[in-house]
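# Topology and contacts: notes
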Amino acid sequence: MGIYAMDFALKFNQSIFSTPYPPKPSPKCRFLTARCSLPLSSDGAATGLAERPWKVADARLLLEDGSIWRAKSFGASGTRVGEVVFNTSLTGYQEILTDPSYAGQFVLMTNPHIGNTGVNFDDDESRQCFLAGLVIRSLSITTSNWRCVETLGDYLAERNVMGIYDVDTRAITCRLRQDGSLIGVLSTEQSRSDDELLEMSRSWDIVGIDLISGVTCNAPYEWVDETKSEWDFNSDGRDRDTYRVIAYDFGIKHNILRRLASYGCKITVVPSTWPAAETLKLKPDGVLFSNGPGDPSAVPYAVETVKEILGKVPVFGICMGHQLLGQALGGKTFKMKFGHHGGNHPVRNLRNRRVEISAQNHNYAVDPASLPEGVEVTHVNLNDGSCAGLAYPALSIMSLQYHPEASPGPHDSDCAFREFIELMESTKQAA
Ligand SMILES: NC(=O)CC[C@H](N)C(=O)O
């Protein structure tokens, strides 16, 4: 469930159980009761979905350190390889599943109860799930939310995404914190030996791979979806389409586009390989470099594009976009031990000394010592002191390592979109 839903329900004292939603359910919709999703036969015994939660372990997660974790499967079956990362968000698993920045990764949720609110029509952050799989402690057998249209298990199965539950997520998280991110293999195929799967985990790597090319759009498109006024928590009568923005899609989350649109931007989204010259020909007021999966040093073509645009129009980089900007300015990125993934990371804005609680999802960071003079570190992650934001006022550049658009997460950093608008406005006025 997104933070928006909670805000909305609280703000308007909305009864979350009586609201008719969605207005016209599709035939696929399955509204499950709040009490129990297991259909009961006449003698009261559970039938149908009764294999949950008493199913025997039918899946294995094997980590490259040699550990083997037996679990129960849901969603799709098969064998997948990926990097295991843990996410500390309490809510918002649907947004996490559809965040393209998780391509190539298994997301382990530290919140033990997942699936409780099912999935809904509104919370997808992109056109599909790009992640390698989902690892959770306990899969809720009851699904209850006023927006729910489907169970999490059915949603994952339809999208061919593997999930496992009944696995000790705390023990795996401790291991990742101690040893750093690990490559893992998830399999439901009993015919494959442990040795074969361990070998698979040890011969795959996420470093140095261009994962952006697998998630970006194929062709430019205009963002036309409007944020419904009841969800637009921070709209203060801004005019629409006041600023022309080109957004590079390195794996862009829809809420970045929604927030830009709410702040009055008319947005054209372009693929990651879209030439800088074509962008500049469109005479935008600003350019956004989006979030995206994988190693920022494995996409030199994107860094070149950013370099060609810098200094010509105001730019805003978010997460992968921030890392590409850091490189384009002459800096270096490095892989962190286990990264930041969650909705509760304190960040200090060094310009106004305010602490923002932020949504984060990254495994790489910009090394501030590698940046040339004139580049200002504007934000610092208070958990580990890493660089969380940059600015280069002389070239109208701003960037954040984390997610001001949230989805899921707190809205403390939404003001970053206003700063981007102000950057575009002041450049317009100076012209
Ligand atoms: N959310 C993102 O843009 C992630 C950036 C980059 N892929 C990282 O893991 O650091």
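Please refer to the structure placed before this passage.
One structure accompanies this document, and this report is about it. (Residues numbered from 1 in each chain as written. Predicted model: local features only at pLDDT ≥ 70, side-chain atom pairs only at ≥ 80, totals over all residues. Heavy atoms only, no water.)

## Notes on helix α9 (residues 300-309)
What counts here: For every residue, the accessible area (1.4 Å probe, protein chains only) is compared with the maximum for its type, and the residue is labelled buried under 20%, exposed over 50%, or partly exposed between those bounds. Numbering goes from the N terminus for both helices and strands, where a helix is a DSSP run of H or I of at least four residues and a strand is a run of E of at least two. In this description, the arc belongs to the directions extending from the helix axis to the C-beta atoms. Residues count as neighbours in contact if any of their non-hydrogen atoms are within 4.5 Å of one another.
Among the residues making up α9, those that are buried are Ala 302, Val 303, Thr 305, Val 306 and Ile 309. Buried residues of α9, seen end-on, are gathered within an arc of 160° and therefore sit on one face of the element. The inward-facing, buried residues of α9 contact β11 (243-249), α8 (276-281), β13 (286-289), β14 (315-318) and α10 (320-328). Looking one or two residues beyond α9, the residue adopting positive phi is Gly 311, at roughly 90°.

## So, the packing of aromatic side chains
The test is simple: Aromatic pairs are defined between Phe, Tyr and Trp rings, using the six-membered ring for Trp, whenever the two ring centres lie within 6.5 Å; interplanar angles under 30 degrees are classed as stacked, those over 60 as edge-to-face, and all others as tilted.
A full pass over the atoms with the stated rule returns 7 aromatic pairs. Consider the rings of Tyr 248 and Phe 250, whose centres lie 6.0 Å apart with planes at 20°: the pair is stacked. Classification of Tyr 248 as buried rests on a relative accessible area of 0%. Using a relative accessible area of 0% as the deciding quantity, one classes Phe 250 as buried. An aromatic cluster of three or more residues is present, and its members are Tyr 263, Phe 316, Phe 417 and Phe 420.

## Describing α10
Of all 9 residues that make up α10, 9 are buried, and the element is covered over most of its length. Once α10 ends, the next one or two residues include Gly 330, with phi positive near 110°.

## Concerning the nonpolar core
We count it as follows: For the purposes of this section, nonpolar cores are sets of buried Ala, Val, Leu, Ile, Met, Phe, Trp, Tyr and Cys residues that join through side-chain atoms within 4.5 Å.
Judged by nonpolar contacts, the single largest core of 29 residues is most densely connected at Leu 260, Cys 265, Ile 267, Leu 288 and Phe 316. Looking at this core, the elements that each hand over two or more residues are β11, α7 (254-262), β12 (265-271), β14, β19 (397-400) and α11 (415-430). No other element matches the 6 residues that α11 contributes to this core. With sequence-adjacent residues up to four places away left out, Leu 260 is seen in contact with Val 245, Cys 265, Ile 267, Leu 288, Phe 417 and Phe 420.

## Observations concerning the environment of Val 347
Relative to the elements of secondary structure, Val 347 occurs in strand β15 (residues 332-349). The sequence separation of Val 347 and Asp 384 amounts to 37 residues, and the corresponding C-alpha distance is 9.9 Å. Filtering out sequence-adjacent residues up to four positions away, Val 347 remains in contact with Arg 354, Val 355, Glu 356, Ser 358, Gln 360, His 379, Val 380, Asn 381, Leu 382, Ala 388 and Tyr 402.

## Comments concerning the pattern of salt bridges
Spelled out, the test is: Counted as salt bridges are all cases of a side-chain nitrogen of Lys or Arg within 4 Å of a carboxyl oxygen of Asp or Glu.
Within the structure shown, the criterion is met by 20 salt bridges. In this structure, Asp 166 and Lys 72 form a salt bridge, with 2.6 Å as the shortest nitrogen-oxygen distance. Here Lys 72 lies in strand β2 (residues 68-75) and Asp 166 lies in the loop between β8 (162-165) and α5 (169-179), a separation of 94 residues in the sequence. Residue Lys 72 is classed as buried on the basis of its relative accessible area, which comes to 13%. Where Glu 376 meets Arg 351, a salt bridge forms, and the shortest distance between an N and an O atom there is 3.1 Å. With Glu 376 in strand β17 (residues 376-381) and Arg 351 in the loop between β15 and β16 (355-367), the pair connects residues that are 25 residues apart, well separated along the chain. Classification of Glu 376 by relative accessible area gives partly exposed; the value is 29%. On the basis of relative accessibility, which here comes to 48%, the residue Arg 351 falls in the partly exposed class.

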